[in-house]
Number of protein chains: 2
Amino acid sequence: MTRIVNVAAAQLGPIQNSHSKKEVVERLVQLMIDAKKMGCDLIVYPELALTTFFPRWYAENIADFDHYYEKSMPNADTQILFDTAQKLGIGFYLGYAELEQSSQGTHRYNSAILVSQQGQIIGKYRKVHLPGHAENEPWRRFQHLEKYYFEYGQSFDVWDAFGGRFGMALCNDRRWSETYRVMGIQGAEMILLGYNTPVHNPPAPEHDDLSMFHNHLVMQAGAYQNGTWVIGVAKAGNEENCEMIGGTCIIAPSGEIVAACSTKGDELAIARCDLDLCNSYKNTTFNFEKHRRPEAYGLITSQRGVIKPASPVQKIESLN
Amino acid sequence: MTRIVNVAAAQLGPIQNSHSKKEVVERLVQLMIDAKKMGCDLIVYPELALTTFFPRWYAENIADFDHYYEKSMPNADTQILFDTAQKLGIGFYLGYAELEQSSQGTHRYNSAILVSQQGQIIGKYRKVHLPGHAENEPWRRFQHLEKYYFEYGQSFDVWDAFGGRFGMALCNDRRWSETYRVMGIQGAEMILLGYNTPVHNPPAPEHDDLSMFHNHLVMQAGAYQNGTWVIGVAKAGNEENCEMIGGTCIIAPSGEIVAACSTKGDELAIARCDLDLCNSYKNTTFNFEKHRRPEAYGLITSQRGVIKPASPVQKIESLN
């Protein structure tokens, strides 16, 4: 059986606040058609791919921003994406703001779904690593209120699809090695990851000129250290006076970038991804069964923040 | 108080089996003198810096190789290194094979020590991630018998020294993101890391031409993701017909390589390392208290190998 998945990383240019969801979905459909013409089985869209990145603004009443969220999926705005996927036989990953009404109340998440070549939802992921802040901080040139607008997702899952094992993540998740490792332990062979990343980081502008380097560094390391493909897809360009990085790319299990976008607009980067390329990493250097040492990793799950223990100098010196 | 540490990464060229420890220590002392002339406070030597990388050979009787191990530290061969350190006021990190005789028997470790500018041992580290294999595998062009010659170290500790918080690791440890994270959680500001890495990986020769890329990728990601300096120091060149990578470098908390060796021989790479450069990473993007989500990381400590769960497709679809 072939284990090759032809993937399109579908970078989006900016989505301005004035753009309707209908207009945005038309762009997504066009990219899907173009990807199919290139023989793709799967197209990967960015995080919050249906709207502008609204967490840059503070709404005193959070419900005033509910129009940015999807109350069901598919819905009237997005049905055509599912229909086109089914008609063309192409799967997709889509990031969007999710609003869930349940008997427990209203819940908001930064979510992504994986949809099959038959237009069926295979899995849903809710963002675990929400960056930014929860309080209104108007001193920033633009805000990053994800901790205000969304609840935390609780897990990194994997799904068997497209002949392999797939994981999902969103944006800031990619900076945390745990993201890749938790999915790597579950055998992930391809991790789909959309992002919206401003060039400018208001609390640390001294990092701005390294934003693209950091973007690629963390995804390449995550791919190599877990022997998995990583598909990183940006919403890029100047969105509502916030300049966002591009850098959309497809990363092989070797950590090498094998396809990349070079604009800040709607653009496809395409690669023929052999899932069996994961094997030589998963079976040798990163054979987890043989080489992981979880007994030394306890602090990773037992500690949230930095601990400042007494220096163990005496303990160690006594060994001599 | 100044938080700048002037560091020399002291790459070593090959140590052949015929070289005496006295000859090797003379090279280390010369590098120490040269580092002091450059104003350095700390010199970092490679892993197994006193001998050839003997785990490439199989000894039927493990004790036949005990001459490669240090039974105490300092000892007659290495005393001059401690004396020179004290005289010059320069600290050092040294990797070596350690043999410990205790009432419980004989224990062998792949170890490193951190020594103060007063020539006193501050801390000792025993390698956690022993790579390679435990069985004789003569089909390999050269073997990698670390799992045979050494017992596993159990923890990644940190020590307060040189005005900051220091961690140690060895070689294969650098490929595992957990190494940096466990020390990062303990506030490490500089991680010292010696290695011996063959260009050729007998079980996966398809990775050979990426060995330098992988070497830098994992150390740069580990530095950035924990806001810590990383000093990676190679034993390089053709040692007993095994070609080893160089790539010795000093990596800033930004993930940038700020100093590097360019030969495969004895060579110093030097940088003026401001420990306060860690702060803008530790306090923003990688503010662990604010942004880590340990409740999603459980598999990292509960699982050694890869698990193959039933695909959670049904669970997720029911959410819609």
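Parameters at a glance
Residues numbered from 1 in each chain as written. Chains lettered and ligands numbered in written order. Predicted model: local features only at pLDDT ≥ 70, side-chain atom pairs only at ≥ 80, totals over all residues. Heavy atoms only, no water. Helix = DSSP H or I, 4+ residues; strand = E, 2+ residues; numbered from the N terminus. Rg over C-alpha atoms; globule rule 2.2 N^0.38 Å. Buried < 20%, exposed > 50% of the residue type's maximum accessible area, 1.4 Å probe, protein only. Contact = heavy atoms within 4.5 Å. Areas by Shrake-Rupley, 256 points an atom, 1.4 Å probe, with all protein chains shown as cover. Lys, Arg positive; Asp, Glu negative; His and termini not counted. Charge placed at Lys NZ, Arg CZ, Asp CG, Glu CD. Expected span 1.5 Å × (residues − 1). Arc of directions from axis to C-beta. Pairing = 2+ DSSP bridges. Right-handed = clockwise from strand over helix to strand, strands pointing away. Axes fitted to C-alpha atoms, helices over the stretch in contact; angles between N-to-C directions. UniProt positions renumbered as here; feature names shortened; annotations may be inferred. Polar contact = N/O pair within 3.5 Å; in protein donor to acceptor, adjacent residues only side chain to side chain. Parallel < 35°, antiparallel > 145°, perpendicular 65-115°, else oblique. Left-handed = near helix turned anticlockwise from the far one by under 90°. Nonpolar A, V, L, I, M, F, W, Y, C, P; charged D, E, K, R; others polar. Buried area = accessible area lost by both parts, 1.4 Å probe. Salt bridge = Lys/Arg side-chain N within 4 Å of Asp/Glu carboxyl O.

Student: I'd love a proper account of the overall build of chain A, names of residues and values included.
Tutor: What chain A contains, in helices and strands, is nine helices and 14 strands. Its C-alpha atoms give chain A a radius of gyration of 20 Å, within 12% of the compact-globule value 20 Å for 320 residues. Reported as C-alpha extents along the three principal axes, the dimensions of chain A are approximately 70 × 55 × 45 Å. Looking at the 320 residues of chain A, the share that counts as buried comes to 65%. Long-range pairs, those at least 24 residues apart, make up 70% of the contacts in chain A with a sequence separation of at least 6. For chain A, the exposed area adds up to about 11,000 Å²; of that, 50% sits on carbon and sulfur atoms. Taken together, the 30 basic and 36 acidic charged side chains of chain A have centroids lying 4 Å from each other.

Student: Any chance you could break down helix H1 (residues 21-37) of chain B for me, citing the residues and the numbers?
Tutor: All names here are of chain B. When the terminal C-alpha atoms of H1 are compared, their 24 Å separation across 17 residues agrees well with the 24 Å that a helix rising 1.5 Å per residue should span. For H1, the complete set of buried residues consists of Lys21, Val24, Val25, Leu28, Val29, Leu31, Met32 and Ala35. Down the axis of H1, the buried side of the element spans an arc of 160°, and every buried residue falls inside it. Exposed residues pointing more than 90 degrees away from the buried face of H1 are listed as Lys22 and Lys37. Contacts from the buried residues of H1 go to strand S1 (4-11), strand S2 (42-44), helix H2 (79-88), strand S3 (91-102) and strand S14 (267-274).

Student: Describe the pairing of strand S8 (residues 190-196) of chain A, and please don't skip the residues or the numbers.
Tutor: Residues and elements named next belong to chain A. Summarising burial for S8: seven of the seven residues are buried, a large majority. Side-chain alternation along S8 places Met190, Leu192, Gly194 and Asn196 on one buried face and Ile191, Leu193 and Tyr195 on a second face that is also buried. The pairing of strand S7 (residues 164-170) with S8 spans five bridges and is parallel. Note on S8: the bridge partner recorded for Phe166 is Met190. At this point the chain moves from S7, through helix H4 (residues 177-185), to the parallel S8, and the crossover so formed is right-handed. Judged from the seven bridges that link them, S8 and strand S9 (residues 229-235) form a sheet pairing that is parallel. Among the inter-strand pairings, Met190 is bridged to a residue of S9, identified as Trp229. Note that the unit made of S8, helix H5 (residues 211-226) and S9 has a crossover that is right-handed.

Student: So, the sheet that holds strand S1 (residues 4-11) of chain A: which residues are in play, and what are the values?
Tutor: Residue and element names in this part refer to chain A. Taken in spatial order, the six strands make up an open sheet running S5-S4-S3-S2-S1-S14, and their pairing is mixed. The open sheet has two edge strands with one neighbour each: strand S5 (121-126) and strand S14 (267-274). Direction aside, neighbouring strands of the sheet carry axes that sit 35° apart on average. Taken strand by strand, helix H1 (residues 21-37) contacts S1, strand S2 (42-44), strand S3 (91-102) and S14, and its axis lies near 45° from that of S14.

Student: Hey, could you go over the UniProt feature "domain: CN hydrolase" (unreviewed entry) in chain A for me, with residue numbers and the actual values?
Tutor: UniProt annotation of "domain: CN hydrolase" (unreviewed entry) refers to residues 5-277 of chain A when read in the numbering used here. The distance separating the terminal C-alpha atoms of residues 5-277 of chain A is 12 Å; by composition the span is 21% helix and 31% strand.

Student: How would you summarise the environment of Arg108(A) if you had to cite specific residues and measurements?
Tutor: Residue and element names in this part refer to chain A. Looking at the secondary structure, you find Arg108 in strand S4 (residues 105-115). Between the alpha carbons of Arg108 and Tyr69 there is a distance of 8.0 Å; along the sequence they are 39 residues apart. Side chain to side chain, Arg108 and Asp66 meet in a polar contact 3.0 Å long.

Student: Give me the packing of H4(A) against helix H4 (residues 177-185) of chain B: which residues, what numbers.
Tutor: Their axes nearest at 11 Å, the elements H4(A) and H4(B) cross at an angle of 135°. The angle between H4(A) and H4(B) places the two elements in the oblique class. When the axes of H4(A) and H4(B) are compared, the crossing they make is left-handed. Between H4(A) and H4(B), the contacting residues are Ser177(A), Glu178(A) and Arg181(A) on the first element and Ser177(B), Glu178(B) and Arg181(B) on the second. For the contact of H4(A) with H4(B), the class distribution of residues is no nonpolar, two polar and four charged.

Student: How would you sum up the interface of chain B and chain A? Please name residues and give values.
Tutor: Interface size is commonly expressed as the accessible surface area that is lost when the partners come together. Contact with chain B, which involves 83 residues of that partner, is made by 83 residues of chain A. Summed over both sides, the interface between chain B and chain A buries roughly 7,800 Å², with carbon and sulfur atoms accounting for 58% of that surface. Of all residues in chain B, Trp176(B), Arg293(B) and Arg304(B) bury the most surface against chain A, accounting for 10% of the area lost on that side. The residue Arg292(B) makes a salt bridge to Glu178(A) at a minimum N-O spacing of 3.1 Å. Remark: the boundary between chain B and chain A carries 31 residue pairs in polar contact (both at pLDDT 80 or more). Elements supplying a minimum of two residues to the side of chain B that touches chain A: strand S5 (121-126), strand S6 (158-161), H4, helix H5 (211-226), helix H6 (279-282), helix H7 (288-291), helix H8 (298-302) and helix H9 (313-317) of chain B. The element that contributes the greatest number of residues to the side of chain B that touches chain A is H5(B), accounting for eight residues. Looking at the side of chain B that touches chain A residue by residue, the class counts come to 36 nonpolar, 25 polar and 22 charged.

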